Structures are given as C-alpha cells and as structure tokens.
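# Descriptive analysis of the structure
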Amino acid sequence: MTDTARIPDKPALEGLESVWGGAWEREGTYRFDRKSATRECIYSIDTPPPTASGSLHIGHVFSYTHTDVVARFQRMRGKSVFYPMGWDDNGLPTERRVQNYYGVRCDPTLAYIDGFVPPFEGGDGKSTKAADQVPISRRNFIELCERLTVEDEQQFEALWRQLGLSVDWTQTYRTIGDESLFASQLAFVRNVERGEAYQALAPTLWDVTFRTAVAQAELEDREQPGHYHRVSFHRPDGGIIEIETSRPELIPACVALVAHPDDERYQPLFGTTVTSPVFGVEVPVVAHHLAQKDKGTGIAMICTFGDITDVVWWRELDLPNRAIIGFDGRVIAEAPEAITSEAGKAAFAELAGKTTFSAKQAVVQQLRDSGDLLADPKSITHPVKFFEKGDKPLEIVSTRQWYIRNGARDEALRERLLSHGREIDWHPDFMRVRYENWVGGLSGDWLVSRQRFFGVPIPVWYPLDAAGDPKFDEPIVATREMLPVDPSSAAAPGFEESQRGEAGGFIGEHDVMDTWATSSLTPQLAGGWERDPELFDLVFPYSLRPQGQDIIRTWLFSTTLRAELEHGVAPWANASISGFIVDPDRKKMSKSKGNVVTPAGLLDQHGSDAVRYWAASSRLGTDAAFDPQNPTQVKIGRRLAIKVLNAAKFILGFDGRADAPVTVPVDRSMLAELTGVVERATRSLEAYDHARALELAETFFWTFCDDYLELVKERAYGEPSPEQASAVAALKTALDVLLRLFAPVIPFATEEAWRWSHDGSVHVASWPNVDELAARGDAGVELLELAGLALTGIRRAKTDAKASQKTPVASAVIAAPAATIALLESVASDLRAVGRIAELGFVEAESFEVRDVVFEAPSE
C-alpha cells in the first residue's frame, strides 16, 4: 500500500543518485548470490575493463549503459546476474600518463630509491620534453604506476556509481593485481607447454617512440605526405633499370629488385643481377606475384625492411637481412657487410646516426650527385603504418619476441575460431562479418611480448653458456607454484640469485606481455579460473560479451582465441557491439581529434537518468551523434524522468487498491494495450534491442498520461464505487508495470517512485507478467485509441474557440461510424467529465469528428 508520507511535495531528480546509490549498496541490491545460484539461472557478463589512465569519456557512458540495461532486465527476469567490473591498469597509456603526471621516465639500469618523491604531481606533460623528465628505476616507476592507477580507478568507480551501473562492486579485479598476474602467467605457461607460444627472431613492427614491438591488431593506416623518387639501378651491360621509391634512405638495405612474373618487360631480367646506386651492392632481380605491374615503373626494391610486403618477399624468396634502422629509429653505425666499396662505405658513414627523415634527405642529395636521381621528387599522399597510440611511423626491425599461434599459419585452428564465431549470437548480426574478415586476413601469429615496464612479466629465464651468452633456444619456464613471478628479480628454478648474469648461470626475461594478452583473459580473471573453480564453472562460458566495434579484432578475437586454446569452447553465448559516438559533423570522437566529451558535467547538469536515456535510445551497432552544446536527447530523457515522478505522485494520490476489479471497458482496453506493449518490449529486450523496447514503453507512457489519465481522472477522484475503483486499479496497475518497464533505463526515477508504494527495490522486482496483465485487460485495444481521438477532438474544439480547456460546454456531438459509436458510448461519462460537457450526443457518420460544440453562457 502507498505510504503518502514517503511522497515529497515536489518530486525532483536532483540528489536521487546519492540517495539510491547508497541504498543499493547497503541493501546489496546487485550482489551476485552464488550460494543459491545454479548454472541454468545465471546470466554472466564479461564486462569491458576500462583503461585506468586519464578520464572516462561520453563513449564509455554510451556503451556501458547498453550493458547495464541488459543486466537490469535479466535480473528482473529472475536471473542471478554476475556483473563484475575490472580495471585495465597495465599498458602504454598508463606509462605515458605516469610520465606526464609525475615528470619521470623509466631507466631500468638505475637503482631503486626508497621513499622516492616525484618532481611534481598533476602535470599534463605537454610542455615537458622527455629529455627533461627525471629518470628513475623500474621499481620506482612501477610504484608510481600503481599509485596513479588506484587513484584513477576510484574516480572511475565514483562516476560509474553516479551513472547507476548495477555492477556487483564486490566482484572487481585489476589487470595488474596478483590474481590477474597469476592467471595471465599460468595461461602463458600452458601455451608454452602445449607448443602454442614460441620465441623467434624475426622482422618486427617497431614503435621508435615507445621502443616496443607492435602487434598486427594495434596498427592503423594514416595518410601522410611523401615523395616518389625515380632512381636508376645499373645493369652489367651498362644499361639501367628505373625504379620509383618513397624510401630512398633504404637503398643501402636493398636486397633485390622484384617484378611480377607475368610482366614481359622484366621477364628477361629474372635471374640476373643489378648494382644499387651510390652504395654499389649487387642484388638479384626476382619475380613475385605481389609485385604490381601498374605501380610506378612496375619493378620495386625489396629492402630490409621498408614495409610489411618487404617482410613477405624477404621470407618467401629467402633473401638476406641487411637491416639498417635501429630501435631508436636512426640509421645504425655499422654498414651492412654487402657494402664493400670505399665509396659505398663513405656514403653510408654520412647516414649513420641520422633519423630516417634526415637520412632520406642525405641519400637524395647523394643520388643527385651521382646522377642516379632521374627526376625531381614527385609529391604524393600515401597510407603509412602507425601504432594506434603512436606519433611516428613504424619501422621494421629484427628482434627476438614471443608469439602465440592464432590461426594465421594453422588452418585447423583458424577454422575452429571461425566456427566459434558462428556459434556466438551477434547483436547486431552483421558485426560477425568483421570478426570473420579479421580471422581470414591474419598474416602472422600474435606477437605478445612488449618492451615496456608496467605489465605482466613473461615468466621465463634463459641459461647462460660457459661464455656467458644466453641460450634462447632453451628457455626456463616458471612452474605453477612460482606464480606470480617477476624473472627480473626472482631467480630461475634450480639457480641462486648470485648466478644471475654469470657464465653458467641465468638471466631473466625483461619483456612484459602485451596488454591484450591479459585482457584476452577477462572471463578467466573475473570468473576465478584456477582460483575459484566452483565460481568459474557457474559463470563460464559467459552469457554476454559487450564491447565496442573497434576492438573486435583485438579484444573479442583474442579472447576467443585464448578460450579455444585453453578450453576448446566459445567464451560467450552472445556478443553485443555498440556503435561509436560521433560529433555533430559525424566524426568519431577521439582524444587525437580534440572532440572528446567527458560525462561528469552532463551527469551533474542533467541527471544520470537523462544521460542514460540518450544512450539507450540508440540501437547496438549504430553510431550516435552527440552535440554537447545542444544535447536534445538528454533533455528529452530528463523530461521523461520528471514526468514519471509526477505521474506516479498523481496516481498514487487516488484512494483505492491496485488489486481491485477492473470492470470498466476503457480501463480494460488500456490494460490490453499495455499488455501488448509489455509483450513487444520483452521480445525486443530478449533480442538485445533496448532502443525498440524503450520506444514502445515511452510511446505508450505519453499516450497514457496525455489521454487515458486525463480521461479517467474525474472518475478516479469520485465517490467510492465500482467504476471509481476500476479507474484507480487500472491506473495503479499501469503505473506498477510502467515503472518496471522503464527501470532498466532510468533506474533512479523509477526507484524513487516505486518506493513510495513498495518496500523493496524495483530493480529486484519481477519483470511484468503478460499473462497476469492480460487477465485484467481483455477488452479491445481500439477503445482506448478511439477515446483518445475523442478527447483530442474535444480539446481541439476548445483551442479553436480560443477557450480554456476548463471552459464548460453546454453540448457537443461526436459523429462517427456506428461501430465506433457503440464503443464510445461506454466512455461517454468519462468524456463528459473531462470535457466539462453537460450533454454529449452521438450521430452516425462516415468519418470521425467532434462538432456542434456549444459553450455555456457565462453566469451573470
């Protein structure tokens, strides 16, 4: 029953977040109850762990709201919802933020300083050059990473709570915490034991700024200005071959010229050699199908290494390696052995130590001087590979790295991964193609080692031979009992720390795992794999993986891969993919474009329910435009939330019970219409179409308020009678249902209104039951629609007469077909009351119309 003392005089949205957020925490509203849970009744969510560096943006609010709507709906359907939250701590973003925030950089050669105090806190680093940052030990640097990520996580949690995410905050994890370290290292150890992880010396995409290897999934093409240079290579007969290249600085790294095997221009040259300009190195002319007959002159240099195609050619044609670019992006000091002439060595010496940009200028001048530059450079714009978080083009260097097999060279594994993609239900379904295209286009195994400091250490050591050289082909892999372990500070099994770096001793692996190597295990991390087997068996495979479309190739694929390698199953039953947030010009919001909107101000200004409404109005997989200067949808959401509060206050003010008999036809018609709304909205939510479910509920709600509520309020205010009880019961029943329909989207307003007449939370109440509702609303839904048309006609007549809606009417006539009149006669008393009509008549006609409205003469 309603407790009128709970209803405020003026309901408001302000402050509801703190009031109900605190109540939900005290009452354990969203706590996962594993004691009474069975596998069949659990709905488990593999929640994206946001990167704990910097601040959340409006895109996070957008996609995480989509997930929360699902969680709340499933909870109200009776599911025991496992909804954890993780924090993605390790990775380059964290390291860069720590550098900028504290004004430091990591130097692993330095000793640890106890009680180290950074030069400053809170810096943005934009005015500080890397050379001006204070170098500190790796351990000191990691301590600062730990400190700052914890602070960021607290701020993130506060914002998520303000937004109303129904997360179980007792189920959290950090990707750099001990439990995550254990799981990540154990999975890697098992990958090694099964032959799925291996080490290799190979050409590696390298970011010269971060000094780390970059995986295929982390690449992006950026259009960059450049030049084509037409250059001559010399034939033994005195002739020349002309090539065009955008990277003349790599001529000293040239190992061959290549043309398409069907290119008749060059077929006579296959198997012969030519000499490179300036550096005088003899290189073969070879054939390969990747050469493009219509690009440039149709014949190209193969250099070690200018781009990924060079790597393919080098590998498949078994060519030598003459790499000249170092890890710092500069030309190395020592010339390749193939350069034997004094002139060639002198020319290379001019390049040593230069950046690729400066080296390019130097080589172009050398080509001019030698007469081998055949034309002025031609300006072009072309795509260049970048690390997605980097500022400089990637280079390709030869390094020793760790890889995990991903199906690129294993057809059976590739097919299993594609099969898992078909097993998963995708929402929307067309996103499946992006996954399949990525799997089908893999060109190499997953590079998982990174030359960074703050991450999960690779649990491996290497023995040293009698000369003190590492035996990389005989890695010492950690045992399960040792995990988690840092090989840079813990001795290898069977060795003493005193043997570190000594001949016959060992060295530890200094590299850490790619952040995706940990994030790919989020189902295992959150579910307690190998730590809490009972919990893991309950939640895995998960019910849902929600995420953005841009990380299908990274997070979704890598998680599927790890689940296949470790468990042989798809990690989830469903994948829901949110679209992007774009600015008013339809450009994707990103920090690099400077158009990112942070959500804190929006939440404070408009309220969390309003912002959630905006997010829930967009379907999965659909990009949503957002204008922070005029957030129209947010304002509409706020209006809806306020209307819910006011309508609830108004309805709960009527005397009567919600369970009284509903006998009046129009009341039953309204409930019949609501029954259909519940049925369609439920189907939509089951199909992960939250936007359609919201649209259905909202459309009905405004009709309910504008038409039905206005139509029956006079009857509901009347003296006790079966008709009055019917109106009140219908109103309160509808309110009860509507609050539950809206609860997943606007949780604070619905909770506030629900608690005025219920003791428990609306968020653990049962989802509306169609069968029970239908038993009370078996009248035709057309009666409610016709009553609304009649009410609209009466209002319009008064508006046209420039009269107040409260103006009494002496008489009015409704003209309509006979069947319509028969229905409307049952609501005649309500129409007379709401329209203040003394006499309401009906006349048969072909079309519907309210006419002959006569207003009462004003009293003397």
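First things first, this report covers the structure right here in the doc. This is a predicted model, so every value here is computed, not measured. Per chain, the residues get numbers from 1 upward, laid out in the order the sequence is written. Only residues with pLDDT of at least 70 are given local features in this predicted model, and only at 80 or more are side-chain atom pairs given and counted; all residues enter the totals for whole chains, interfaces and linings. Computation of side-chain values covers all heavy atoms of the structure but excludes hydrogens and water.

### A closer look at the overall build of the chain
Helix and strand counts for the chain stand at 25 helices and 30 strands. The rule is simple: take the accessible area with a 1.4 Å probe, protein chains only, and divide by the maximum for that residue type; under 20% is buried, over 50% is exposed, in between is partly exposed. Relative to its 860 residues, the chain shows a buried fraction of 54%. Only heavy atoms matter for contacts: two residues are in contact if any of them lie within 4.5 Å across the pair. A separation of at least 24 residues holds for 78% of the contacts in the chain among residues at least 6 apart in sequence. The positive count covers Lys and Arg only, the negative count covers Asp and Glu only, and His and the chain ends enter neither. For this purpose, a charge sits on NZ of Lys, CZ of Arg, CG of Asp or CD of Glu. Averaging the locations of the 90 positively and 125 negatively charged side chains of the chain gives two centres separated by 2 Å. Put simply, DSSP H or I for four residues or longer makes a helix, DSSP E for two residues or longer makes a strand, and each gets a number counted from the N terminus.

### Some words on the packing of aromatic side chains
Under the pairing criterion, centres of Phe, Tyr and Trp rings, with the six-membered ring standing for Trp, must be within 6.5 Å; the plane angle then separates stacked pairs below 30 degrees from edge-to-face pairs above 60, leaving the rest tilted. According to the stated counting rule, one finds 29 aromatic pairs in the structure shown. Here the aromatic rings of Y198 and Y403 are separated by 5.5 Å at their centres, their planes lie at 15°, and the arrangement is stacked. Of this pair, Y198 sits in strand β7 (residues 197-207) while Y403 sits in strand β16 (residues 395-404), placing them 205 residues apart in sequence. Ring-pair connections join several aromatic residues into one group, and the members of that group are F32, F82, F536, F540 and Y542. Ring-over charges, as used throughout, are those where CZ of Arg or NZ of Lys falls within 6 Å of the ring centre and within 35 degrees of the ring normal. One residue, R72, lies across the ring of W24, its end atom 5.3 Å from the ring centre. In this arrangement the basic side chain of R639 is found over the ring face of W702, its NZ or CZ atom lying 4.2 Å from the centre.

### Let's talk about the environment of C254
Tracing the sequence through the fold places C254 in strand β11 (residues 254-259). For the pair formed by C254 and T304, sequence separation is 50 residues and the distance between their alpha carbons is 6.6 Å. If near-sequence neighbours (up to four positions away) are discounted, C254 is found in contact with F233, V283, M301, I302, C303 and R322.

### As for the side chain of E95
Following the sequence through the fold, E95 ends up in helix α3 (residues 92-102). Here a polar contact is taken to be a pair of N or O atoms separated by no more than 3.5 Å, where protein atoms must pair a possible hydrogen donor with a possible acceptor and residues adjacent in sequence count only if both atoms sit in side chains. Within the structure, E95 has its side chain in polar contact with the backbone nitrogen of F453 (distance 2.9 Å).

### Concerning the pattern of salt bridges
In the sections that follow, a salt bridge refers to a side-chain nitrogen of Lys or Arg positioned within 4 Å of a carboxyl oxygen of Asp or Glu. A complete count under the given rule lists 57 salt bridges for this structure. As a salt-bridge pair, E25 and R161 come within 3.0 Å of each other at their nearest N and O atoms. Of this pair, E25 sits in helix α1 (residues 16-27) while R161 sits in helix α4 (residues 138-163), placing them 136 residues apart in sequence.

### Description of the nonpolar core
The nonpolar core is taken to be a set of buried Ala, Val, Leu, Ile, Met, Phe, Trp, Tyr and Cys residues, with the residues joined through side-chain atoms within 4.5 Å. With 87 residues, the main nonpolar core has M670, L674, F701, F704, L731, L741 and F742 as its most contacted residues. Ranked by the residues each element gives to this core, the list is headed by helix α19 (residues 690-717), at 14 residues. Setting aside residues up to four positions removed in sequence, L741 forms contacts with L674, V677, V678, A681, A697, W767 and P768. In terms of nonpolar packing, the next biggest core, distinct from the first, is built from 79 residues, Y102, V104, W402 and M513 among them.

### Some points on the sheet that holds strand β28 (residues 809-816)
Strand pairing is assigned whenever DSSP identifies at least 2 bridges connecting the two strands. Reading across the sheet, the 3 strands line up as β29-β28-β30 and stay open at both edges, with mixed pairing between neighbours. In the strand order of this sheet, the two ends are held by β29 (837-844) and β30 (849-855), each with one partner. If you compare each strand with its neighbour and ignore which way they point, the axes differ by 15° on average. Under this scheme, a helix contributes an axis fitted over its contacting stretch, all axes are lines through C-alpha atoms, and angles between N-to-C directions fall in the 0 to 180 degree range. Each of β28, β29 and β30 touches helix α23 (residues 782-800); the most contacted strand, β30, lies at about 45° to it. Along the sheet, helix α25 (residues 828-835) makes contact with β28 and β29, crossing β29 at roughly 135°.

### Focus: the environment of M301
Checked against the element boundaries, M301 lands in strand β14 (residues 299-303). Taking relative accessible area as the criterion, M301 reaches 9% and is therefore assigned buried. Taking the C-alpha atoms as reference points, M301 and I243, separated by 58 residues in sequence, lie 7.4 Å from one another. Setting aside residues no more than four positions away along its own chain, M301 makes contact with F233, I243, T245, R247, I251, C254, A256, L257, D310 and W313.

### Description of the sheet that holds β7
As summarised here, the arrangement of the 4 strands in space is β8-β7-β16-β18, forming an open sheet in which the pairing is antiparallel. Of all strands in the sheet, those bounded by a partner on one side alone are β8 (212-213) and β18 (446-447).

### Digging into the packing of helix α16 (residues 608-616) against α19
Packing of α16 against α19 leaves a shortest axis separation of 9 Å and a crossing angle of 120°. Classed by the angle they form, the pair α16 and α19 counts as oblique. Contacts from Y613, A615 and A616 in α16 reach H690, A691, L694 and E698 in α19. Residues of the contact of α16 with α19, tallied by class, amount to 5 nonpolar, 1 polar and 1 charged. Note that the term roughly parallel is reserved for angles under 35 degrees, roughly antiparallel for angles over 145, roughly perpendicular for angles of 65 to 115, and oblique for everything else. Under this grouping Gly is polar, as are all residues other than the nonpolar Ala, Val, Leu, Ile, Met, Phe, Trp, Tyr, Cys and Pro and the charged Asp, Glu, Lys and Arg.

### Some details on the side chain of S558
Its location among the elements puts S558 in helix α14 (residues 552-567). Here the side chain of S558 touches W555 through a polar contact of 3.2 Å, landing on its backbone oxygen. Non-local contacts of S558, meaning those with residues more than four positions away in its chain, are made with W446, W516 and S520.

### Overview of the packing of helix α2 (residues 58-76) against α4
The N-to-C vectors of α2 and α4 enclose an angle of 55°; their axes lie 11 Å apart at closest approach. Between α2 and α4, the angle is such that the two are oblique. For the element pair α2 and α4, the recorded crossing hand is right-handed. Contacts from H60, V61, Y64 and T65 in α2 reach L159, W160 and L163 in α4. Each residue belonging to the contact of α2 with α4 can be placed in one class, and the counts come to 5 nonpolar, 2 polar and no charged. Note: crossing handedness is left-handed where the near helix turns anticlockwise from the far helix by less than a right angle, and right-handed where it turns clockwise.

### Remarks on helix α5 (residues 178-193)
Expected helix span is taken as 1.5 Å per residue step, with the number of steps being one fewer than the number of residues. Between its first and last C-alpha, α5 extends 22 Å over 16 residues, near the 22 Å set by a 1.5 Å rise per residue. A large share of α5 lies buried, amounting to 12 of its 16 residues. Every buried residue belonging to α5 is among S180, L181, F182, A183, S184, Q185, L186, A187, F188, V189, N191 and V192, and all of these are buried. G195 sits one or two residues past α5 and shows a positive phi near 80°.

### Quick look at helix α9 (residues 411-423)
If you check α9, its first and last C-alpha atoms are 18 Å apart, about what 13 residues at 1.5 Å a residue would give, namely 18 Å. When α9 is considered as a whole, its buried residues turn out to be L413, R414, L417, L418, H420 and G421. End-on, the buried residues of α9 take up no more than an arc of 155°, which puts them together on one face. The N-capping residue of α9, defined by a side-chain oxygen 3.1 Å from the backbone nitrogen of A412, is D410. Think of it as the arc spanned by the lines of direction from the helix axis to the C-beta atoms.

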